[in-house]
Amino acid sequence: IDDPDEYSQYWFSKYFFMVFWGFLVGVNIAIAVREALWEWTIKSSALVGDLITECHVLDTWAAFLALVMFRFFFVEMHVKDIVILLHPWKMVQPFAATKIENARSYIVGFPDEYTFRVENRAGQQLGLPVQLLTKLLLLFYKGYLFYYSLSGHRWPLLASSMASAGSTVWVLI
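Residues numbered from 1 in each chain as written. Predicted model: local features only at pLDDT ≥ 70, side-chain atom pairs only at ≥ 80, totals over all residues. Heavy atoms only, no water.

## Examining the overall build of the chain
Next up, step 1: Along the backbone of the chain there are seven helices and two strands.
Next up, step 2: In sequence order, the secondary structure elements of the chain are arranged as α-α-α-α-β-β-α-α-α.
Next up, step 3: Principal-axis analysis of the C-alpha atoms gives the chain an extent of 65 × 40 × 30 Å.
Next up, step 4: Considering only contacts within the chain whose residues lie at least 6 apart along the sequence, 63% involve residues at least 24 apart.
Next up, step 5: When the accessible surface of the chain is split by element, carbon and sulfur atoms take 70% of a total near 12600 Å².
Next up, step 6: Positive and negative side-chain charges in the chain, numbering 13 and 15 respectively, have mean positions lying 3 Å apart. (Helix = DSSP H or I, 4+ residues; strand = E, 2+ residues; numbered from the N terminus. Contact = heavy atoms within 4.5 Å. Areas by Shrake-Rupley, 256 points an atom, 1.4 Å probe, with all protein chains shown as cover. Lys, Arg positive; Asp, Glu negative; His and termini not counted. Charge placed at Lys NZ, Arg CZ, Asp CG, Glu CD.)

## Points about the packing of helix H6 (residues 124-148) against helix H7 (residues 154-172)
Next up, step 1: Here H6 crosses H7 at 160°, and the two axes come no closer than 9 Å. By the criterion of interaxial angle, the relationship of H6 to H7 is roughly antiparallel. Taken as a pair, H6 and H7 cross one another with a handedness that is left-handed. Here Leu128, Gln131, Leu132, Lys135, Leu136, Leu138, Leu139, Lys142, Gly143, Leu145, Phe146 and Tyr147 of H6 lie close against H7, whose contacting residues are Arg154, Leu157, Leu158, Ser160, Ser161, Ser164, Ala165, Ser167, Thr168, Val171 and Leu172.
Next up, step 2: When the residues that make up the contact of H6 with H7 are grouped by side-chain class, the tally is 13 nonpolar, seven polar and three charged. (Axes fitted to C-alpha atoms, helices over the stretch in contact; angles between N-to-C directions. Parallel < 35°, antiparallel > 145°, perpendicular 65-115°, else oblique. Left-handed = near helix turned anticlockwise from the far one by under 90°. Nonpolar A, V, L, I, M, F, W, Y, C, P; charged D, E, K, R; others polar.)

## Some points on the confidence of the model for the chain
Next up, step 1: Averaged over all residues, the pLDDT of the chain is 84; the fraction at 70 or higher stands at 94%.
Next up, step 2: Of all the helices and strands in the chain, H7 carries the lowest mean pLDDT, 80, while helix H2 (residues 57-72) carries the highest, 92. (pLDDT = per-residue confidence, 0-100.)

## Some remarks on the packing of aromatic side chains
Next up, step 1: All chains considered together, the criterion is met by eight aromatic pairs.
Next up, step 2: Pairing Trp61 with Phe64 gives two aromatic rings, centres 6.2 Å apart and planes at 90°, and the pair type is edge-to-face. Placement of both Trp61 and Phe64 in helix H2 is noted, with a separation of three residues, approximately one turn of the helix.
Next up, step 3: Residue Trp61 is classed as exposed on the basis of its relative accessible area of 54%.
Next up, step 4: Taking the centre distance of 5.0 Å and the plane angle of 85° together, the rings of Phe72 and Phe73 count as edge-to-face. (Phe/Tyr/Trp six-rings, centres within 6.5 Å; stacked < 30°, edge-to-face > 60°. Buried < 20%, exposed > 50% of the residue type's maximum accessible area, 1.4 Å probe, protein only.)

## Regarding the environment of Ala96
Next up, step 1: Considering the arrangement of structural elements, one finds Ala96 in strand E1 (residues 95-100).
Next up, step 2: Sequence separation between Ala96 and Tyr106 is ten residues; the distance between their C-alpha atoms is 5.7 Å.

## Brief notes about the nonpolar core
Next up, step 1: Core analysis: the biggest nonpolar cluster contains nine residues, these being Tyr10, Phe17, Leu24, Ile31, Val130, Leu137, Tyr141, Leu145 and Leu157.
Next up, step 2: Looking at this core element by element, the count peaks at four residues for H6.
Next up, step 3: Not counting the four nearest positions on each side in its chain, Tyr10 is found in contact with Tyr144, Leu145, Tyr148 and Ser149.
Next up, step 4: Listed in part, the six residues of the second largest apolar core include Ala32, Ala36, Trp40 and Phe64. (Core = buried A, V, L, I, M, F, W, Y, C linked by side-chain atoms within 4.5 Å.)

## What to know about the pattern of salt bridges
Next up, step 1: Counted under the stated rule, the structure contains nine salt bridges.
Next up, step 2: We note a salt bridge from Arg34 to Glu35, for which the minimum N-O separation is 2.9 Å.
Next up, step 3: One salt bridge in this structure joins Glu35 and Arg71, with 4.0 Å as the shortest N-O distance. With Glu35 in helix H1 (residues 11-43) and Arg71 in helix H2, this pair connects stretches of sequence that are 36 residues apart. For the pair shown, Glu35 and Arg71 are each scored as buried. (Salt bridge = Lys/Arg side-chain N within 4 Å of Asp/Glu carboxyl O.)

Here it is, written out as structure tokens:
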């Protein structure tokens, strides 16, 4: 059974962490909305036509919210735009499709590996540093709690910190 006085030493740090973490998550959401609005404006224009906007308001909002979530979680472009990439009538990049034994396969060409990587992770230059800062804040706070913890809750906190450390390293890669 936990002692209520045991956590009283963290009064300031827990509120500081909650406010700062909430602020960083809010900044991440604002960046995701900004990037999604930018992408929505381009893809729904009459010149591009990749998004259809003449539908019910709820459908439009659901599609925009999905685009915001894709931006927030940094979903790769090849997952998000697979229908656009594999459309047979586009004429902007090398493309091949075949059907062998009732299985379809597609090949999409890029000039080089670096062009592929840049196009696959477009729009991360704003959101990635804020997400890294959020993960570092979480990791440092867990380390702070681990170091100053007086009880036997250190091992679960250490395991949780290892997961946060792995997540932070994954953002850096």
